[in-house]
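Understanding the architecture of this molecule
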Amino acid sequence: MDSNTLSTVLTVGALIIGLILILTLIRTLVRLGDEIAIVAIFIQAVGDLLGGSRIALLGCAVIGLICLGCSAAAVLSVIALSTCGTANPVQLCRLVGR
């Protein structure tokens, strides 16, 4: 394959991948905006029930941070356990192996 043809194919491929990424990012941001609106309506409804929207917002923030922390712990555990078969495994592998 000629180098000019190869560079043309790579450029067109990069443009297509870039377009797909941009469209995916726009769709994700639109859905994120919808989810933020749903959470805001939920917080307002719970705040009306409990008498204070700040308490409801704080509760939702705490629940969200707990979910985020559990997700981060799970990802870190999977990453740590993926080193069990290597020459230098992490301490977690030795703990699980006992």
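Above: the structure in question.
Residues numbered from 1 in each chain as written. Predicted model: local features only at pLDDT ≥ 70, side-chain atom pairs only at ≥ 80, totals over all residues. Heavy atoms only, no water.

Turning to the overall build of the protein, a few remarks are in order. Across its full length, the protein carries three helices and zero strands. The secondary structure elements of the protein, listed N-terminal to C-terminal, are α-α-α. The globule rule puts the C-alpha radius of gyration for 98 residues at 13 Å, and the 24 Å found for the protein is more than 25% above it. Along the three orthogonal principal directions, the C-alpha set of the protein runs to about 70 × 50 × 10 Å. Here the protein, with 98 residues, has 7% of them falling under the buried criterion. Total accessible area computed for the protein in this model is approximately 8200 Å², and 74% of it derives from carbon and sulfur atoms. Positive and negative side-chain charges of the protein, numbering 5 and 4 respectively, have mean locations separated by a distance of 18 Å. (Helix = DSSP H or I, 4+ residues; strand = E, 2+ residues; numbered from the N terminus. Rg over C-alpha atoms; globule rule 2.2 N^0.38 Å. Buried < 20%, exposed > 50% of the residue type's maximum accessible area, 1.4 Å probe, protein only. Areas by Shrake-Rupley, 256 points an atom, 1.4 Å probe, with all protein chains shown as cover. Lys, Arg positive; Asp, Glu negative; His and termini not counted. Charge placed at Lys NZ, Arg CZ, Asp CG, Glu CD.)

Moving on to the packing of helix 1 (residues 3-50) against helix 2 (residues 53-81). Helix 2 packs onto helix 1 with a crossing angle of 130° between their chain directions and a minimal axis gap of 7 Å. Classified by the angle between their axes, helix 1 and helix 2 sit oblique to one another. Our pair here, helix 1 against helix 2, has a crossing hand that is right-handed. Contact residues: helix 1 offers Phe42, Ile43, Val46 and Gly47, while helix 2 offers Ser53, Ala56, Leu57 and Cys60. Taken together, the residues of the contact of helix 1 with helix 2 sort by class into six nonpolar, two polar and no charged. (Axes fitted to C-alpha atoms, helices over the stretch in contact; angles between N-to-C directions. Parallel < 35°, antiparallel > 145°, perpendicular 65-115°, else oblique. Left-handed = near helix turned anticlockwise from the far one by under 90°. Contact = heavy atoms within 4.5 Å. Nonpolar A, V, L, I, M, F, W, Y, C, P; charged D, E, K, R; others polar.)

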